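# Results of the structural survey
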Amino acid sequence: GAFTGAVRNKKGKFELADRGTILLDEIGDLALDLQAKLLRIIQDQQVEPIGSEEKKEINVRLIAATNVDLWQKVSDGQFREDLYYRLNVIPIVVPALNVRKDDIPLLVNNFLIRQATGRSITVSKRLMDYLMAYSWPGNIRELENLVERMVVLRHSDILTPDDLPKDFGQGQGQGHGLGQGSNLSESIISEPGSLDFHEAEKLLIVNALKNSGWNRTRAARSINVSRHILIYRMKKYGIVPPE
């Protein structure tokens, strides 16, 4: 009777997960009022079902996932600092796809197996060069969607750059494509296959730095990587600002 239609008791997610694990996906989007409730659950290890006058003890392992910078949200007042520290006991950082591009051929092959439904579909070297040079602002989901689209609309069982959508690689604001306003055929790989991955990555970083006036924070944001990763890559490639 707690609300209209509440004619029987029903366990909530935390109660169902008792002595097990619960995944809180996209935790960075949680509203502030719900953050307070979640913090109280973690601290008290108890839940109070709607309409009940009794609290129930729970023992739950929490896994929280996010694709945003939670500490930045804390600084902006959009995420509770006390909840941040409660959740950040054992952080596991999964790098963005654009900083672990060696995984791209493996992921593409996996997605082809899923989408090909028994057919043997392969990717040409020229197409793989394009995929390796792209910055993947949408991470693995974007790669998976692209592979599915190419498989459905393919001209043959060997995928080539001709199977790419016409808008692929074109900048759509900060963090997209191969740098702001860039295109796969411009600046990064003027001739398909003419640069290897490391050369393309270095050129991508240099272009981002130039476009941002050598401001590393803006440059990192424009290619959708964290600032410390950008600085690491600058050291790796010996990239230094002009005098």
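Residues numbered from 1 in each chain as written. Predicted model: local features only at pLDDT ≥ 70, side-chain atom pairs only at ≥ 80, totals over all residues. Heavy atoms only, no water.

## Side note on the confidence of the model for the protein
Looking at the protein as a whole, the pLDDT averages 83, with 87% of positions reaching at least 70. Throughout residues 171-194 the model reports pLDDT below 50, and contacts reaching past four residues in sequence, or to other chains, amount to 59 contacts. (pLDDT = per-residue confidence, 0-100. Contact = heavy atoms within 4.5 Å.)

## Observations regarding the environment of Tyr-134
In this structure, Tyr-134 sits in the loop between helix H6 (125-133) and helix H7 (139-152). Taking the C-alpha atoms as reference points, Tyr-134 and Leu-204, separated by 70 residues in sequence, lie 9.3 Å from one another. (Helix = DSSP H or I, 4+ residues; strand = E, 2+ residues; numbered from the N terminus.)

## Re empty space enclosed by the protein
According to the stated counting rule, one finds 1 cavity of 30 Å³ or more in the structure shown. In this structure, the largest cavity spans a volume of roughly 100 Å³. Surrounding the largest cavity, Asn-98, Val-99, Lys-101, Glu-201, Leu-204, Ile-205, Ile-223, Val-225, Ile-229, Leu-230 and Arg-233 form its lining. Those elements that provide at least two residues to the lining of the largest cavity are helix H9 (197-211) and helix H11 (227-237). Partitioning the lining of the largest cavity into residue classes produces 7 nonpolar, 1 polar and 3 charged. (1 Å grid on protein atoms, 1.4 Å probe; cavity = no way out; pocket = protein on both sides within 12 Å on 5 of 7 lines; lining within 4 Å. Points joined across faces, edges and corners; volume = space filled by probe spheres on them. Nonpolar A, V, L, I, M, F, W, Y, C, P; charged D, E, K, R; others polar.)

## Section: H7
For an α-helix the count is 3.6 residues per turn, leaving residues at separations of three or four pointing the same way. The first and last C-alpha atoms of H7 sit 21 Å apart over 14 residues, in line with the 20 Å expected at 1.5 Å per residue. Three or more residues of H7 are buried, namely Leu-143, Leu-146, Val-147, Met-150 and Val-151. The buried side chains of H7 occupy one side of the element, clustering within an arc of 130 degrees when seen end-on. Set apart from the buried face of H7 by more than 90 degrees, the exposed residues are Arg-141 and Val-152. Contacts made by the buried residues of H7 are with helix H5 (104-116), H6 and strand E6 (158-159). (Expected span 1.5 Å × (residues − 1). Buried < 20%, exposed > 50% of the residue type's maximum accessible area, 1.4 Å probe, protein only. Arc of directions from axis to C-beta.)

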